[in-house]
Amino acid sequence: MGAAAPGASPLTEGNVFATSQRTHRCGDLRALHAGTSVILGGWVHRSRDLGGLVFMDLRDRAGLVQVSFNPDWSAAQVIADAAAVGVESVVLVEGVVQPRPDEMRNPDLATGDVEVRATSIRVVGPAVTPAIPVARGKNDKLPAEDLRLRHRYLDLRRPELQANLVLRHRLLQITRQFLSERGFLELETPILTKPTPEGARDYLVPSRVHPGEFYALPQSPQIYKQLFMCCGFDRYFQIARCFRDEDLRQDRQPEFTQIDIEASFIGRDDIMALSEGMVAAIWREAGHDVSTPFERMSYADAMERYGCDRPDLRYGLEIHDFTAAFAPLDFVVTKSAIDGGGRVRGIRVPGGAAWSRKQVDELEALAKGAGAGGLLRIKKAEGKLDGPVAKFLTPDAEAALALNEGDLALLVAAKDRVSHPALDRVRQECARRLGIVDDQARRFLWVTDFPMFDKDPETGALSAVHHPFTAAHADDMAAYPDAPERWRALAYDCVLNGLELGGGSVRTSDPRVQSRMFTLLGIGDVAEQERRFGFLLEGLRAGAPPHGGIAFGFDRISMLLSNGTSLRDVIAFPKTTAARALFEDAPTTVPAEDLGELHLRSTVEAK
RNA sequence: GGGGGCGUAGCUCAGCUUGGUUAGAGCACUUGACUGUCACUCAAGAGGCCGCGGGUUCGAGCCCCGUCGCUCCCGCCA
């Protein structure tokens, strides 16, 4: 193999992947390369030794190509060497691209019209037998996830995961380009920040130079980005890593990436329009057309019609209120619920009358699991209504139900706090059973006008639904100065098919209003406000423009656009649900003297 | 913090219901044969702390208790 000519840069000639050691990538070779002498570097994906003839599938990031070793063009020693290489070893192969005869083409392979006739092979990175297979048969199951994470250096070689990370890269680039072109500055914020006792648990980092004091890893760059606005940076974004020390889920990691955006002199509609353009650009990069603007729905509407603040609009089964029609009924379940301040609401399921008692019992179990006392069922079969309530129904109630032949009504009689989540669960399950969820459809939606505060039903304490820096509708504050639980927030969530993609708000830019919000949230002491949020309040007092922003969950977006179901498949080195990194084996114990330097002592018994 | 599922060869799994000779299969691996394969084929071989600890029993992969790991869900995630 000849050395590159001194001074020659192979990164020219229109093939940016050529280097001093290789000329092409395996997966890039096509019929047009026929006759070209090439040097390839790649991993041995699989090989087939026919005795005297060896075929090797060589893999790199671009894909697979077949290399053939044959006495007609390969020396005996070259064939012997090829036959001896183990899978997943790294080799450099020199040869000539040749078109394959028609009957030997492989239509399943992008490079299947050609093969590389090898004249030399050099093993530059021999591999031990892989602990988990990289090359898989069509019907082979994936190894267990803990093994895939433990041997991530092998799992990430799989073309599927490579494609996911390549797509992730492209989505990052298009996001940066979109925002950059619109004057947004990519500004970095600290990873070592100030602990905030609200919200999720912080990851804490002990300070060595300040005994007993701690940094926290950011749950989001929220306050910093608002300070950028106070500084006049006007338009900010960051692909920001965020950390939350909470228990995990399939779609939740302890560290995650969000597209974080903030802008000045804007209102809600500005942020929404910008976001729609960005989301459309991201989806387009993944090959999907998205029409804008997105639908909008108020929080109150979403809860009333779907029992959920991020409704999946790909199907109907909307919730209806039958309270007025059921109020006169002499039926204890509905009567007591209504008398107690509740309502009778539910959905009509076309064709549900055919479901068995057991099937409907399963739906009731779901409703009960969500907190409901039960699920009332009324079906219309052979022209008459049937169910425990049926004999109590007045003509008015029957008319209100408006059931068609074969319909099933599923009702919950309870306060909204109970019936919303119960009906949400039942509605989703019914849609799934009916098979009416179109998985090709993309129903983007803005949910707006969230309440500012959530009131604890027992203590009466208020907590922020979005976060404490969100602005409220000015007219609500004026109309109900003493009933903050009635205020609507200038907050908005971007929802796709029942999944939350992102959320944001217009912020409170008046420091006096911000201080009042803290007071409403139970931080009435001014000194306490200054201690915890002084660095924001000072910034606001120094002259703050009206501003607002939004953050999108980038991992989840990558997952959706990779058609995956697990965040772990779009993150190179993810944690397990126990927040453990199996490959590098973190977290881990550290020597007591290291702790001592940080002024810490473990309370856990040494093993 | 709570509940469910899983844990047997390097990998994917069977065996457990009803305890009983030497724990099996496919793939991978090793050796051999094979000149157009592409999940090559064929033959032979090697490979096991049945997660770990304890208990019941004449006898435990199988039953019981505990524990660890992974996973899914609830709580939690302003």
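Each remark here, short or long, concerns the structure printed above.
Analysis parameters
- Residues numbered from 1 in each chain as written.
- Chains lettered and ligands numbered in written order.
- Predicted model: local features only at pLDDT ≥ 70, side-chain atom pairs only at ≥ 80, totals over all residues.
- Heavy atoms only, no water.
- Helix = DSSP H or I, 4+ residues; strand = E, 2+ residues; numbered from the N terminus.
- Buried < 20%, exposed > 50% of the residue type's maximum accessible area, 1.4 Å probe, protein only.
- Areas by Shrake-Rupley, 256 points an atom, 1.4 Å probe, with all protein chains shown as cover.
- Lys, Arg positive; Asp, Glu negative; His and termini not counted.
- Charge placed at Lys NZ, Arg CZ, Asp CG, Glu CD.
- Salt bridge = Lys/Arg side-chain N within 4 Å of Asp/Glu carboxyl O.
- Near = heavy atom within 4 Å.
- Polar contact = N/O pair within 3.5 Å; in protein donor to acceptor, adjacent residues only side chain to side chain.
- Nonpolar A, V, L, I, M, F, W, Y, C, P; charged D, E, K, R; others polar.
- Axes fitted to C-alpha atoms, helices over the stretch in contact; angles between N-to-C directions.
- Parallel < 35°, antiparallel > 145°, perpendicular 65-115°, else oblique.
- Left-handed = near helix turned anticlockwise from the far one by under 90°.
- Contact = heavy atoms within 4.5 Å.
- Phe/Tyr/Trp six-rings, centres within 6.5 Å; stacked < 30°, edge-to-face > 60°.
- Pairing = 2+ DSSP bridges.

Another aspect to go through is the overall build of chain A. Along chain A, the regular secondary structure elements total 17 helices and 22 strands. With respect to the three principal axes, the spread of C-alpha positions in chain A is 95 × 75 × 55 Å. Put simply, chain A has 607 residues, and 45% of those count as buried. When the accessible area of chain A is evaluated, it comes to approximately 30400 Å², of which 51% is carbon and sulfur surface. Across chain A, 73 positive and 84 negative side-chain charges occur, with their mean positions spaced 2 Å apart.

The subject of this paragraph is the pattern of salt bridges. Per the counting criterion, the structure on display carries 47 salt bridges. With a closest N to O distance of 2.9 Å, D361 and R377 form a salt bridge. One end of the pair, D361, is in helix α10 (residues 357-369); the other, R377, is in strand β14 (residues 376-381), with 16 residues separating them in the sequence. By sharing partners, the salt bridges in this structure join R136, R148, R152, D155, R158, E160 and D569 into a single network.

Time to look at the protein's contact with RNA strand B. By nearness alone, 43 residues border RNA strand B, and D49, E115, A131, K141 and T577 come closest of all. Within 4 Å of the protein, atoms of RNA strand B come from sugar and phosphate in 55% of cases. Interatomic distance of 2.5 Å between a side-chain N/O atom of E115 and a base nitrogen of RNA strand B. Between RNA strand B and the protein, one listed contact pairs a phosphate oxygen with a side-chain N or O atom of R244 at 3.2 Å. Where the surface near RNA strand B is concerned, the elements lending two or more residues are β1 (37-49) and α2 (145-150). Per element, the largest residue contribution to the surface near RNA strand B is 3 residues, and it comes from β1. Along the lines of polarity and charge, the residues of the surface near RNA strand B split into 16 nonpolar, 11 polar and 16 charged.

Relative orientation and spacing of two packed helices are given, respectively, by the angle between their axes and the distance between those axes. The interhelical angle for the contact between helix α14 (residues 511-520) and helix α15 (residues 526-541), taken along N-to-C directions, is 160°, at an axis separation of 9 Å. Of the possible angle classes, the one that applies to α14 and α15 is roughly antiparallel. Where α14 crosses over α15, the handedness of that crossing is right-handed. Touching P511, Q514, S515, F518 and T519 of α14 are Q529, F533, L537, L540 and R541, all from α15. For the contact of α14 with α15, the class distribution of residues is 5 nonpolar, 4 polar and 1 charged.

Here the focus is the packing of aromatic side chains. For any two aromatic rings, the description comes down to two numbers: the centre-to-centre distance and the angle of the planes. In the structure shown here, the tally under the stated rule is 16 aromatic pairs. Both rings, one in Y153 and one in F583, keep their centres 5.7 Å apart while their planes meet at 40°; by these two values the pair is tilted. Note that Y153 is positioned in helix α3 (residues 152-155) and F583 in the loop between α16 (554-561) and α17 (592-597), a separation of 430 residues in sequence. Judged by relative accessible area, which is 34%, F583 ranks as partly exposed. Ring geometry for W283 against F444: centres 5.3 Å apart, planes inclined by 85°, an arrangement best described as edge-to-face.

Along the chain, H420 falls in helix α12 (residues 416-434). Sequence-wise, H420 and H151 are 269 residues apart; in three dimensions their C-alpha atoms are separated by 44 Å. If sequence neighbours within four positions are ignored, H420 has contacts with M303, E304, G307 and R345.

We now examine the pairing of strand β22 (residues 547-553). Here β22 lies mainly inside the structure; 6 of its 7 residues are buried. Of the pairings in the sheet, the one linking strand β10 (residues 255-264) to β22 comprises 7 bridges and is antiparallel in character. Across the sheet, residue I259 finds its bridge partner in β22, namely F552. Where strand β21 (residues 499-506) and β22 come together, 5 bridges link them in antiparallel fashion. When the sheet's bridge partners are listed, S505 is paired in β22 with G549.

Another point: the sheet that holds β22. Paired through backbone hydrogen bonds, the strands of a sheet run either parallel or antiparallel to each other. As summarised here, the arrangement of the 8 strands in space is β6-β9-β10-β22-β21-β20-β17-β11, forming an open sheet in which the pairing is mixed. In this open sheet, the two edge strands, each paired with only one partner strand, are β6 (185-186) and β11 (295-298). Lying on the sheet, helix α4 (residues 159-181) is in contact with β6, β9 (235-243) and β10; it crosses β9 at an angle near 150°. Relative to the sheet, helix α7 (residues 299-306) contacts β11 and β17 (444-448), its axis offset from that of β11 by approximately 85°.

A few words on the sheet that holds β1. Read around the barrel, 5 strands follow the order β1-β2-β3-β5-β4 and close on themselves; strand pairing throughout is mixed. Between one strand axis and the next, the sheet turns by 55° as a mean value, whatever way the strands run. Helix α1 (residues 76-84) rests against β1, β2 (54-60), β3 (63-69) and β5 (114-125) of the sheet, and its axis sits at about 70° to β5.

Quick look at the packing of helix α5 (residues 222-230) against α15 now. Axis separation between α5 and α15 bottoms out at 9 Å; the angle between their running directions is 20°. As judged from the angle between their axes, α5 and α15 are roughly parallel. Of the two possible hands of crossing, α5 and α15 adopt the one that is left-handed. Facing I223, Q226, L227 and C230 of α5, the residues of α15 in contact are F533, F535, L536, G539 and L540.

What is shown is where atoms sit, not what they do.
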